[in-house]
Amino acid sequence: VKRIKLRKARRPIKWLRRKVDSPVFHLTGNNHESHGHFVLQHLPRLMAARDCLLANNEVKLLLAPNHLHWQRFYLERLGFGPERLLEGTPGTLHCRELGYIPFYHGQGNLVSSQTYQAMRELLAPEKPQEQGRFLFLSRKGATHRALLNEEEVFRTVRNVWPKMELIDLKDFSSAEQVDLFQSARVVFGPHGQAFTNMLYTRDALMVVASASKVVGGWSAAFRNLAIQMGGTGIVFNAGVKGWKNMD
């Protein structure tokens, strides 16, 4: 008993609580701040209840504080206008009715291809006229998982695919990223959540460069996502000794 750390438990203060009269669907939780986790794990929860939620205009989607500015893009394309979005605030939120669907992805981090393909039709409804772009996803300047020799790797990759373009997704809006990946034929880059955009591809080749010794975790998930969307996925492992996210 002495080894158990003491923790404070705060009971809600009723007169300080925020009250919502409309029904609420809980769309936040673990890793909600990550584009990859939000799109590939949280949005499938919404897709499972989408028809029911669209049929009831009273239901609000509860989002974590400070993320509405980028999450609204996905939600509006899935049919939920700004009037349906409820951004949470620190403190207690009281609602009379709360709907929740738990995560249902497996150990491989992904759900079924049918769900992702249905999401693609809603998030990227316009099919590109041409799928001929070759994209190298730069992580230069990233705080972790950056290629220390990115310029050298890019030159090597360009020897294989002369049309390869160096792309920094910070320069593209969410809508522009949809268009960019819809037109992709080959996508290459160091492991990172930028590969979430493979959701918009149809028959692209994706190559993930990983410092790990084994294929697993999210590098394997991104490979499988490319396959689920009708393409091909490959993971190159460097087998770096003592690999860390900073490498």
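From a predicted model like this one, the values you see are computed outputs, not experimental measurements.

How each quantity is defined
- Within any chain, residue numbers begin from 1 and follow the written order of that chain's sequence.
- The predicted nature of this model means local features are confined to residues of pLDDT at least 70 and side-chain atom pairs, given and counted, to a pLDDT of 80 or more, with totals for whole chains, interfaces and linings taken over all residues.
- Note: side-chain values were computed over all heavy atoms of the structure, leaving out hydrogens and water.
- Only runs of H or I of at least four residues qualify as helices and only runs of E of at least two qualify as strands under DSSP, and these elements are numbered from the N terminus.
- Here's how the labels work: a residue is buried when its accessible area is under 20% of the maximum for its type, exposed when over 50%, partly exposed in between, all with a 1.4 Å probe on protein chains only.
- For this analysis, residues touch if any pair of their heavy atoms sits within 4.5 Å.
- All accessible areas in this document rest on Shrake-Rupley with a 1.4 Å probe, and a residue is counted as covered only by the protein chains that are shown.
- Neither His nor the chain termini are counted; the positive set is Lys and Arg, and the negative set is Asp and Glu.
- The location of each charge is read from NZ of Lys, CZ of Arg, CG of Asp or CD of Glu.
- The arc refers to the directions leading from the helix axis to the C-beta atoms.
- When a carboxyl oxygen of Asp or Glu lies within 4 Å of a side-chain nitrogen of Lys or Arg, that pair is called a salt bridge.
- For this analysis, a polar contact is any N or O atom pair within 3.5 Å, provided that within protein one partner can donate a hydrogen and the other can accept it, and provided that sequence-adjacent residues contribute only side-chain to side-chain pairs.
- When DSSP finds two or more bridges between two strands, those strands count as paired.
- Look down the strands so they point away from you; if the path from the first strand over the helix to the second goes clockwise, the crossover is right-handed.

**Regarding the overall build of the protein**
- Along its length, the protein carries 6 helices and 11 strands.
- Reported as C-alpha extents along the three principal axes, the dimensions of the protein are approximately 65 × 55 × 30 Å.
- Counting over 247 residues, the protein shows a buried share of 45%.
- Across the protein, the fraction of contacts at a sequence separation of at least 24, relative to all contacts at a separation of at least 6, is 72%.
- As displayed, the protein has an accessible area near 14,200 Å², and 52% of this comes from carbon and sulfur atoms.
- Between the averaged position of the 34 positive side-chain charges in the protein and that of its 21 negative side-chain charges there is a distance of 12 Å.

**Thoughts on helix α4 (residues 150-160)**
- Every buried residue belonging to α4 is among Glu150, Val153, Phe154 and Val157, and all of these are buried. Down the axis of α4, the buried side of the element spans an arc of 100°, and every buried residue falls inside it. In this structure, α4 carries Glu151, Arg155 and Asn159 as exposed residues pointing more than 90 degrees from its buried face.
- Residues of α4 that are buried sit in contact with β7 (133-137), β8 (164-167) and β9 (184-190).

**What to know about the side chain of Arg84**
- Position of Arg84 among the secondary structure elements: in the loop between α2 (68-77) and β4 (85-87).
- Lacking a salt bridge, the buried Arg84 has Glu83 as its closest oppositely charged neighbour, with an N-O distance of 5.8 Å.
- In this structure the side chain of Arg84 is engaged in a polar contact, spanning 3.4 Å, whose partner is the backbone oxygen of Asn57.
- A polar contact is formed between the side chain of Arg84 and the backbone oxygen of Val59, at a distance of 2.7 Å.

**Comments concerning the pairing of strand β3 (residues 60-63)**
- The sheet contact formed by strand β2 (residues 24-26) and β3 spans 3 bridges and is parallel. Counterpart to His26 in the pairing with β3 is Leu62.
- A crossover links β2 with its parallel partner β3, the connecting element being helix α1 (residues 35-54), and its sense is right-handed.
- As paired strands, β3 and β4 are joined by 3 bridges and run parallel to one another. Paired with Leu61 across the two strands is Leu85, which belongs to β4.
- Taking the sense of rotation as the criterion, the β-α-β connection linking β3, α2 and β4 turns out right-handed.

The quantities given are spatial measurements derived from coordinates; they are silent on function.
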